[in-house]
Structure formats: structure tokens, C-alpha cells
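Overview (structure and organization)
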2 protein chains.
Amino acid sequence: MDNLLLIIVGAAVIIAVAYAVFNYLCVRKMEEGTERMGEIAGAVRIGANAFIRYEYKLVSIIGSVIAVLVFIVISWQAAIAFVIGAVMSAAAGFLGMKIATYANVRVTNKARETGDLGKTLKVAFRGGSVMGLCVAGFALLGVIIVYCIFGLAAGQIKDIAEGTVGKNFITTLPASFTMTLSGYALGCSIIAMFNRVGGGIYTKAADMGADLVGKTEAHIPEDDPRNPATIADNVGDNVGDVAGLGSDLLESYVGAILSAIILACELFMHNAFFDTVFLNRMLLFPVVFAGCGLIACVIGISYILLKPRLSENVHMELNIATWISAGVTVAAGVVLSYFMFRDIDSAVFKAENVGFKVGAFSPWLASVCGIGAGIIIGIISEYYTSYDYKPTKKIAGASKEGPALTVTQGLATGMISCMLPVVVLAVAIFGSYSIAGMYGIACAAFGMLSFVAATVSVDTYGPISDNAGGIAEMSGLDPSVREITDKLDSVGNTTAAIGKGFAIGSAAFAALSLMTSYLYAFTDQTVTELILNIVQPLTLCGALCGAAMPFLFSGMLIEAVAKAARKMVEEVRRQFREIDGLMEGETMPDYKTCIEISSQGALKEMRVPCIMSILFPIVTGFIFGPMFVAGVLIGATVTAIMLAIFCGNSGGAWDNAKKYIEAGGVEGEGKGSSAHDASVVGDTVGDPLKDTVGPSLDILIKIMSTVSLVAVVVFSKYNLFELVGLI
Amino acid sequence: MDNLLLIIVGAAVIIAVAYAVFNYLCVRKMEEGTERMGEIAGAVRIGANAFIRYEYKLVSIIGSVIAVLVFIVISWQAAIAFVIGAVMSAAAGFLGMKIATYANVRVTNKARETGDLGKTLKVAFRGGSVMGLCVAGFALLGVIIVYCIFGLAAGQIKDIAEGTVGKNFITTLPASFTMTLSGYALGCSIIAMFNRVGGGIYTKAADMGADLVGKTEAHIPEDDPRNPATIADNVGDNVGDVAGLGSDLLESYVGAILSAIILACELFMHNAFFDTVFLNRMLLFPVVFAGCGLIACVIGISYILLKPRLSENVHMELNIATWISAGVTVAAGVVLSYFMFRDIDSAVFKAENVGFKVGAFSPWLASVCGIGAGIIIGIISEYYTSYDYKPTKKIAGASKEGPALTVTQGLATGMISCMLPVVVLAVAIFGSYSIAGMYGIACAAFGMLSFVAATVSVDTYGPISDNAGGIAEMSGLDPSVREITDKLDSVGNTTAAIGKGFAIGSAAFAALSLMTSYLYAFTDQTVTELILNIVQPLTLCGALCGAAMPFLFSGMLIEAVAKAARKMVEEVRRQFREIDGLMEGETMPDYKTCIEISSQGALKEMRVPCIMSILFPIVTGFIFGPMFVAGVLIGATVTAIMLAIFCGNSGGAWDNAKKYIEAGGVEGEGKGSSAHDASVVGDTVGDPLKDTVGPSLDILIKIMSTVSLVAVVVFSKYNLFELVGLI
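What you see is a predicted model; the values in this text were computed from it and never measured. (Residues numbered from 1 in each chain as written. Chains lettered and ligands numbered in written order. Predicted model: local features only at pLDDT ≥ 70, side-chain atom pairs only at ≥ 80, totals over all residues. Heavy atoms only, no water.)

**What about the overall build of chain A?**
Along its length, chain A carries 20 helices and zero strands. Rg of the C-alpha trace for chain A: 25 Å, near the compact-globule value of 27 Å for 727 residues, within the 12% margin. By its C-alpha atoms, chain A is 80 × 60 × 45 Å across when sized along the principal axes. Relative to its full complement of 727 residues, chain A shows a buried share of 70%. For chain A, contacts bridging at least 24 residues in sequence account for 85% of all contacts bridging at least 6. For chain A, the exposed area adds up to about 21,500 Å²; of that, 64% sits on carbon and sulfur atoms. (Helix = DSSP H or I, 4+ residues; strand = E, 2+ residues; numbered from the N terminus. Rg over C-alpha atoms; globule rule 2.2 N^0.38 Å. Buried < 20%, exposed > 50% of the residue type's maximum accessible area, 1.4 Å probe, protein only. Contact = heavy atoms within 4.5 Å. Areas by Shrake-Rupley, 256 points an atom, 1.4 Å probe, with all protein chains shown as cover.)

**Notes on the side chain of B:Ser554**
On the secondary structure map, B:Ser554 appears in helix α16 (residues 537–578). Only 2.6 Å separates the side chain of B:Ser554 from the backbone oxygen of B:Pro550, close enough to count as a polar contact. Among residues more than four places away in sequence, those in contact with B:Ser554 are A:Met415, B:Leu643, B:Val693 and B:Leu697. (Polar contact = N/O pair within 3.5 Å; in protein donor to acceptor, adjacent residues only side chain to side chain.)

**Some remarks on a nonpolar patch on the surface**
All names here are of chain A. Taken together, the side chains of Ile611, Leu615, Val619, Ile623, Leu720, Leu723 and Val724 make up a nonpolar region of the molecular surface, amounting to roughly 610 Å² of accessible area. Elements that contribute at least two residues to the nonpolar patch include exactly α17 (591–624) and α20 (720–723). Here the nonpolar patch takes four residues from α17, the largest share from any one element. Here leucine 615 shows up in helix α17. (Patch = residues over 30% accessible without salt bridge, like charges linked within 9 Å, V, L, I, M, F, W, Y side chains within 5 Å. Salt bridge = Lys/Arg side-chain N within 4 Å of Asp/Glu carboxyl O.)

**Looking at the nonpolar core**
Note on soluble globular proteins: their nonpolar side chains tend to be buried together. Core analysis: the largest hydrophobic core is formed by 560 residues, its most contacted members being A:Tyr184, B:Tyr184 and B:Ile634. With sequence-adjacent residues up to four places away left out, B:Tyr184 is seen in contact with B:Ala81, B:Phe82, B:Ile84, B:Gly85, B:Met88, B:Phe138, B:Ala139, B:Gly142, B:Val143, B:Val146, B:Val254 and B:Leu258. (Core = buried A, V, L, I, M, F, W, Y, C linked by side-chain atoms within 4.5 Å.)

**Re helix α18 (residues 626–662) of chain A**
The terminal C-alpha atoms of α18(A), which comprises 37 residues, lie 53 Å apart, in line with the 54 Å expected from a rise of 1.5 Å per residue. The buried fraction of α18(A) amounts to 34 of the 37 residues, a majority that puts the element mostly inside the structure. (Expected span 1.5 Å × (residues − 1).)

**Here we look at the confidence of the model for chain A**
Residues and elements named next belong to chain A. Here chain A averages 88 in pLDDT, while 94% of its residues score no lower than 70. Across chain A, helix α12 (residues 403–416) holds the top mean pLDDT of 96, while helix α5 (residues 154–162) sits lowest at 49. Both scores are available for the predicted complex, with the pTM at 0.94 and the ipTM at 0.93. (pLDDT = per-residue confidence, 0-100.)

What follows is the structure in C-alpha cells.
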């Protein structure tokens, strides 16, 4: 049976990638529209490509160093897996971004030609689906390659496929299998880190720069062609919200699947009574479940692309596509879970820390816990950030009293909004653990991400529509075109909030199961119950320092954005001052310098925080030993979750409070009023929080866990504190 | 010998209280100055008294309920100790505030009459010293009362005094001694919580309300008599920065001393080999050390009050007073430590978790770790918040680009500033633990606070000088008077930053040792090594929810301030609009309504966050059991430390960035420029963070630990999850 399962996964990957290629070609074939539209889109495309090329050059240097280190310290298999991970993640980000820069102008053109919302949505979504399918497809492809070829010697994969994993597996496992998988995860993480951080700095520096001078000082609308930073702003959407998001979610997806597999191996090694057939199924389940999810997403995506006439309610249509994907995944999961685990010895169902408490359905139920938590967290985020509800309305109301109270009220909302999602997470953790032990927590993580192809498609369609609007504005098209793209864009903002719920939730779960694997990795194999004693002083110190890490990291990112944005502001002001006839629309601004500023700023500022987050657990590990790092990981995970929720929700709420005022929600106020000005300040403050810091924090905790997991085999043996006898 | 030690402490208390009374009478005897000055000071005094009376009425209701509960569930001794704690804390806050409202106008008058900085400083510091001496004196008085009369039956105190505590001590201890001490700490905590939160909301609502309309809209200077909110603002300084601070530090001081005593008892109960003489010394050491500190502070305070001619360098003079207090304390401590522990059996010096690793000097060295950490954290705070250094200058520079970047840069600074203090804390924790085990961590906590009388005196002198300046402005005195008070005030701001370092540091240490006591309280007495396994799912869920608590609490406080401030803004705007001749200075504004708004706002808004923080650990304890609450405590402690540092430093930095611009630090900008307006926005955003949220967080973690410690004897036996068999 297990061979068949692997074939299903392979087929799913092939279908998904083929579908992505088909959609890519479809989009490319469409018309670009007027010459002016083509010019602008070309400028955005060139800017985005140039940045990614610079960035990948930087990453390839750092990546090479890490690959060599992994090769020397761990194994050649892990080094190659690392490279494969990096390539998969980089490729998904690059391709998704490329198609986004083709799709944007074609969306504008479709709106211009047809004036039809549904048809325009289809183009935008087709563009987005390329990214969605690539993310899941490439991730899974990499898993299969690593799983089949490098992870296990040829004999072992046969054993696994036949369910006859022998006892010699135990001895060869640590070096060859879990480490190779960790290497793969690390490769994905590194790219995700740089793409997210670099893209995040780029996009917000441009955005803030454009807004600070354009909206606040010169009082010209967003995307006005007279604003020198507009093209950079549009480039930013592509490198940050598309390439960054793609690599990020690919990494989460891979992290969730692999942490389940690694955890299963560790549990196996620490529980001798463990059934090898059971292990075999536990190793396969995440991969096959992901394969089912991928097929479900192909169906969900096809709903939108194939439906002859989409309704005017864009939000509903996108929701249906997501619900189909999720529903089919859950339905396939229950069948899969039953067939894979029904013949397992009932003894293991009862084992503490490991066992499945509710029989063959346990892993499926645990996954559903994750999916449920993701959805509820998304809904909570929507409550706190949508202007249909009280919190955002309060911020809009506070804008009447000036920018200070707008900011204050937004900070309060963000802080208050931390509690509910965390309670949901806690319930899901306790639930999934009660159902299937530690493995259950890992199941919840990959459950949340099992239909990632659909969520990424929806998430990517947002910035494509946003860009399409910008192109319409800059090309001086009829306002009716802009109206259509604005409608698409605003729906994109809401769906993005829900997507963030999944991103944070899955990051938390993945980090926890990676941390558990980390603990197992240096715990004696005879010990079955994991203990991380937080009142042990060294661990406590680690937890405190770890807890400060997300704050330090966030502060550095905010400062980086602010620094680049200030340069941008100066440049935009200079151009307004020095270029004659610019404000009258007679001459063109110098877009290129602004693109350069964002690009250079991002490349320069991303290095320190990225490298710091990679080095921190390693360096402290070699000085203070593995228990300190364990503290670091738990401390960082806890505060990163809080900060990510805080940043995401306060940023989102400020953004929508501004939109609420623009929509006339606050009596007597509107665009151009002093309350609106105050709300623009709030929005600008929130920009780096929600689009740079929040998403980067998700990666921070995963990269720290993955790095520690890879390095712990070394620093658990050699560390300064043990050497000098301090512990 | 031990009888002698207790006599020393008693004498120290008597000297300190007598000195406070003397200073109180001295200040009262001074002249108030002109009639107008008397009127204004009278209005401030009446406002402050009225608020405290309202507040204490509310607190007494809640306190009575708690006292009855403690009586029913724990013991009558604990209930009485609780009441004593509440009375001591309330009395210290009240008296300190009362003298502050007398001293303020006398400071103005001294400056007016003499024009001498040194003489004016003396009046202000004499006022402040009343609070400082009362805080330490009352706290210690209460400890002695509880310690001698209620904590132990008459026979036991004799045993302790004679160093012959018998084995029967072990069985009677838990109910009668540690619980009584916890009750006392709880009493102090409750008052501190309400005083800090209520005062914090009051003062910032008034301050923000006054600034938002006065400075930003009407462009009139601070403390201008035409601004209807000025009196309320001055009242706020007294109820928030004086009464709030006093009760807060009294609570920290008591918490630190008692947690050491309780921990010593717990260690004794869990380590049968423990020497009773050793226990006896461990119980006495914190109290005697505190007594030495109190005498040291009397000497330090006298330096300023008795020195015939103070130098013009106010900052230096205050530093000398603090250094004398600290130096004498440390010097007395080393003698004390040696004489108390030199004859202890060397076996206990080696015991794991308990023993003194460096002989008789161990508890002293651990205290010095705490003192050192407090000083370094203070210096770090100064670096991040003083405009002599880069971080604050950067914020001032960002103000040129408008309010959004000012806020953004300030957030970044606050976040980045979390790492260094936490590293210092971690080093101090590891150091004090390595020196004297868990008891060492408690020693570090009371070490930090041992010269609290001096730091509170210095901290209280700040708001007194601030008020004095306000009175000078409102009475239309010569600008030279204002110049003197401004100088005093600005020094007060710097010393406050250092004081905050001690407050956060000691709160962290006290919370940790209370948490350890909590863990011991429900751990089987045969277990010697404490374990709090954070990867156990229930504990992990607790840690997550606990970590969200400080965010929720902070958000609620910020929102409370914003809400009250908005009402104030509306009222001030109404008065400017409706009262004819107000802006021209011909008619007087209606100060009383503004005082009412602040007062009502604070009383209304303080209830929910305060009651929530008390109920949270109890309610979750009765549902999920003690391990969940243990998770809550560690999670809350970790994030509260981060948030407190973040709020304190970003708020302080914004404040000083504004002052830097006013002082002409940014080229081409100054009072009234657009950069200054932007910096005022930053300052206003920072106000509730640094003066309401930050200090309240320190209490939050201590009150949660204390409440849990009191309630755990009950909910460790009866809780829902255990009843239904979920754990």
C-alpha cells in the first residue's frame, strides 16, 4: 500500500506543477494593453528582477558558507539537501514574482477591455495560482527527492516503503535521515528569511516614502504618476508581498511536514517498544496528507478558473475556492488516516507522549485541530482589523483627536488582540496533544498548511490587483478601471488578514514541534519523557535572552525600514523641489533613483538582523550549551507569537481605520480632513509592523529552531560552559 | 546574637519614622508664599485628597472581600497580615502624597524668596524624603509585626531568636508562617496595584488632555493657567508619580524581603538535612539587611539635608546621597553576612539548589549581584532615553520627517533596548544562583531594594519640583523662579530613569523567587529539585496564555488612558469655545470639571484590569490546576519584563527627543517648528506607556505570583481538570 501512497504524492506534485505551468503560459499570452501600460509594467518588472537578482547573489554567498559548514560538520547528504531546499524556495519565490509582474498589467487591461469584475478576477487569480501551486508543488517535490534519494540509503527507502524498517534503522537514523531533513528545512528557511526581510524592508521603505511626502505633504493621491516613489512602491509589492510571502509559506509548509517526520523518528528512537510499521506510517502520513491537500487545492483553484460566470461577490467566490480546498483535504484526510493506521497494534494507541488516544483517526483529528485553530485565529484577526467591527471603528473615532490618540488607540487594540488567538492556540495544542501526543502537535501544524496552495493563490492575487490599480492610475486610464481593481484589492486585504492567522498559528506549531525534536536530539535515548526545566537557572537565562530576541529583531527591522524610508523621503522631496514642472504633470519624475534607494536600503539593512538570527542560537549554544539554547527557543517562540499578533493586528487596524474614514464612516470627516491626516499617520506607523515585522517574526522562530536542530549534535558535545565545568 | 539583630532592625525603623515625622513638620512649618500660590496649591491638594479618598473607598471594599476569603480559606493570621499590609501600603502612599502637596508650593516659594538652587533643592528633597523613609519604615514595621506576633506562635519566635527552631516547626510552618507572610505581601500588592493603575490613568489622562489641546491646538505653554486641565495635571503628578510610586516600591520591597523568607522556609521543608540554625539565619538575614539599608539611607538623606551649602550640580548631589546610602548598605552587608553565617556547618555550603558556594559571604555577594544589576540596567535605560546619546538623537532627527517616523523610530528604540537589560538580568540570575542557590536569587531581589528609602526620596523629589514649576507658572511668578524649578525637574527625569531600572529588575527577581516558592508550595516535600517542565502541554498552554496577559493588561490600560484623555480633550475644547475671554486670560477656566473627569475616568477604568489580574491566576488555577498556573506565571513574567522595558524606554526616549528639539539640538528646528509638533506626538504616545503601563507591569507579575502563592494550597487540591480526570 505504501508504494501506492508515494505514487499518489508524486502524481499530485506533477499535476500541480503542470497546472502552474499552464496558468503561467495562459497569463503570458494575454494582451498588455496600451503602450504606456506596457512601459510602466516593464519598469516594475525590471525593478523587481534587478532586486531579486541582487538579493539572490547575496544569499548565495551566505548559503554557500552554510552549505560548506553543514557538509563539514553534519554530512554531505545534509549539505545537498540544504542546497535543494534553498533552490526550491528561491525558485518558487522567483517564479511567483515573475508571473505577478506579468499578471498585474494584464489584470488592468482585462478590466479596461471588458469592464467585468469576474473576468478580471480570473486573470488576477490565475496569476496568483501560479505562485500557490509552485509553493506547494516545489516544496513537496523537494521533500520527495530528499526523502527518497538522500535521506535514506537505497535499502532503507525500500524498507520504509515495505513497512519493514529494521532495528539497524535506529543507529543509522540520526546522522543520515533527520539531519538530512533538517538540512532541507534549513535551506528553505534561509531563503525565506532573506526574501521576507529584504522584501519587507524594500516594500515598506518605498511605501512609507511615497506616502509621507505624497499623501501628507504634497496631498496627491496614491499611485499618482507625479510621485517619484510610485514605481518603487509597486516593485515593493512584488518583492515583498509576492516573493517574500511565497518563500515564507513554502518554508512553513516544509517546516511543518518535516518536523512531523523528524519528531516521529525521534519518538521512535526514544521509545523502544515502538512498532516499525507504525513508525513507517507516521513518516509517510504528513507527506501523503500534503499530497491530498495539493490535489484538493487544484480542485479549489479550478472552481474559480473554470466557472463560466463568477458572481459579483468576489469575497464569497474566493471563500468558496478556499473552502473547497479545505473541505476536500479534510475529507481525504479522514479516509487516509483510517486506512493508514487502522491495522496498527492497539498498544501504541495508549502510550504516553506518543500514542494515539482515539485510534486510527488520531492524526487526522489532530490535523483538524490545527485547521480549526487557523480558521478561528483568522476570524479573530478579522474582528480586530476589519472596520465592520468596534476595535477599528474606535481607532477611526480617536483620529478626531489627532495622530497621538490614533497611534495610542491602535497600540492598545494590537495588545489586547493578543489574548484570544493565544487561547485558541493553547486549546489546539492541548487538544492535539491529548489526541496524538507530541506527534499530534506536529499534525496540527501541517494540517493548518495542508491547503497552502489555495491560501497562497488568494494571498498573491491581492498584490497583483494592487499593482493593477497602480498601473491603471499611472497610465491615466478611465476611473472605472481603477474601481474594479480597487474592489479586488480591498477583498485581498481581508483575505490577507485570515492568511496571517494561518501563518502565525502554523509557525507556532512548527516551532514547538521542532523544539521538541531539538530536545530529543540531545536527550539520552533511554529517556522517554521530555523535560525542559524552565526554573533551572541556565535555561531560565536562555528563556529571558530568547524572549528579548524577537524584540531586538523587530526593533532592528523597524529601524531599517525607517532609515530607508527617510532616504526615500529626502529624494522625493528633492525631486519635487528640483524638477521643474513635476507637480504640474508636465515632466516625468526620476523613478529609477527611488528604486535604487529602496533596493540598496533593503540589501544593506537586511544583513545584520538575518545573520544575527542565524548565529544567535549557534554562538550561545557553543558557549552555554544545549539547555540554554532550549530556553532561548521557548522564550523566543512565546514572545514572537505575541509580537507577531500585536504587529499584524495593530497594523491592519490602523490601515482599515484610515479606509473607514475615507469611506465616510466617521461623521463629518473624510479624505483630506484632519482626522484623515491623523489616520494616515497611524497607517504609516502600522505599515512596517504588519508587513515587515509581523511576517518576519514567523520565520525568525522557525529559523532559530531549525538552526539549533542542525547544530545541536555538535554543541551538545562541545561547549564552553561544560568544558570549564560551569554546568 | 539574633535578639540583638532584631533590636537593630526595630531601632532602624524607629529612627526612620521619627526622621520622616520631623521632616514632615519642618516642611509644614515653611511659608506658602503669595495668596495666589496658596490658592493653587490648595486646589491641587483638595483634588489629590478627593481622588485618594474615592480610590481607597473602592479598594477597601475589594480588600474586605479578599480579607474575608483569606480568613475562610487560609487562616485568621493571614487575613490580619493582609489587612496590616494593605494599611501600611495605603498609609505610606497617602502620607507621601500629602507631604508632596504641601512641599510643592513651598519649593516654589523658596525659589521665589531666595533664588538659590541649593536651598530650593533641600525643600524639595525634604518633602521627598518623607515618602522615602515612610515607604521603607512602614514596610519594615509591618514585617516585624507580622514576623513577631502573627507569623509564629509565641514559642516559635523565641525558638527562632535563640536559633533552636525544632523539627515541629516543619509541620506547623506552611499554614502559619509562609501563608501569613504571603498574606502580608498580598495586602501591599493590592494597594500598590490600585494606586499605580488608578494614579497612572489619572495622571496621564490629565496630562494628555492638557497637552493635546493646549500644546497642539491652542499652542499655549505647559502649565498655562488658561488651560482648564492644568490643575488636574498637577493633581495627577501627586496621585500617580508620588502615591503610586510609593505604594509600588513598598510592595516591591516587601515582596523581595518576604519572598526570601518564604523561600528559605520552603527550602528548609524540602531539604531535611538542613540545619535549623542555618534556617534561622536565612530567615533573619533579609530583615536585618533591610534594617542596615534603612540606617544607611538615613545617613545618605542627611547628607543633603544637613550639608550647609549644596553645589549647583544638583544631579551630582543627589547621586552622592544615593551612593552613600548604597555604599553604607553594601559595607554593612558584608559584615552582617560574615557574622551571621560564619559559624554555619560547612556541609550546607555545598548543597545543590540551596547551599552557599562561597561561604559566609554568599548571601551578601548575591545581594551585590542584584545591586550591580540594578545600577547597570539603570545606566542602560539612561543610554536609551537620554538625549546625550544616539538613540534619542535619532528619534529627534526623525521628527523632521513628521510624526509617523517619530513614532516608528521610538518603537524601534524601545524594542531594541530590551536585549541589554535582559542580558544583565540573566547574568545576575545566573551569578546569584551560582553563589547561593535559589535563596541567592531572592537575595539579589532585596539587595536591589535595600536602599529603597534613598531612591524613593530622589524619585519623589522629581514630581514635587514639577508641581512647583506648575505653581510658579500658574501664579504668574517671575520666570527666574520657573528656571530654578525646571532645573530640579530635569534632573528628576534622569534619576527617574535609573529608578525604573531598579523597579523592573527587582520585580523580575521578586517574581522569580515568589514563583519558586509557589512551585515548592505544592511539590511533595520529599522532592528536593524543583522542576517546571515547560514542554508539558498544560504548562505550555499556561505559559502562552500567561504571556498574553501583560499584553492584554497593557492594552487595557492604554485604552483606559486614551478614553479618559479623550473626554478631557472634549471638555477643554468646550471650555475654550464657550467661556468668553478665556484665551485672553480675562476669565478663569473651570478647573474642577477637569479634575472630576480625570478622577471619574481613573476610578471607572481601573477596576477591570486590576480585578482581572487578581482573578486570572485563581480562576485558571481552579479549572486547570497548579501546573497551568505555574506556566502562566513564567509566561507572564517573561513578557512583562520585556514590555516594561520597552514601554519605559520608548516613552522616555520620545519625551527627551522632544526636549532635545526644544533645547535646539536639531539644526533649524525648535519650539513651534513642525519637527517639534511631531516630537510632541511622540511624547504623547509615550506618556501612557512610560508612566502608566510600564510601572503597572512590575506590579502585575508580582500580584499574580503572590495571589497564586496564597491560593495554591487550595487549588492544588481542588481543581476541575483533576476532578474530571483530564490530567
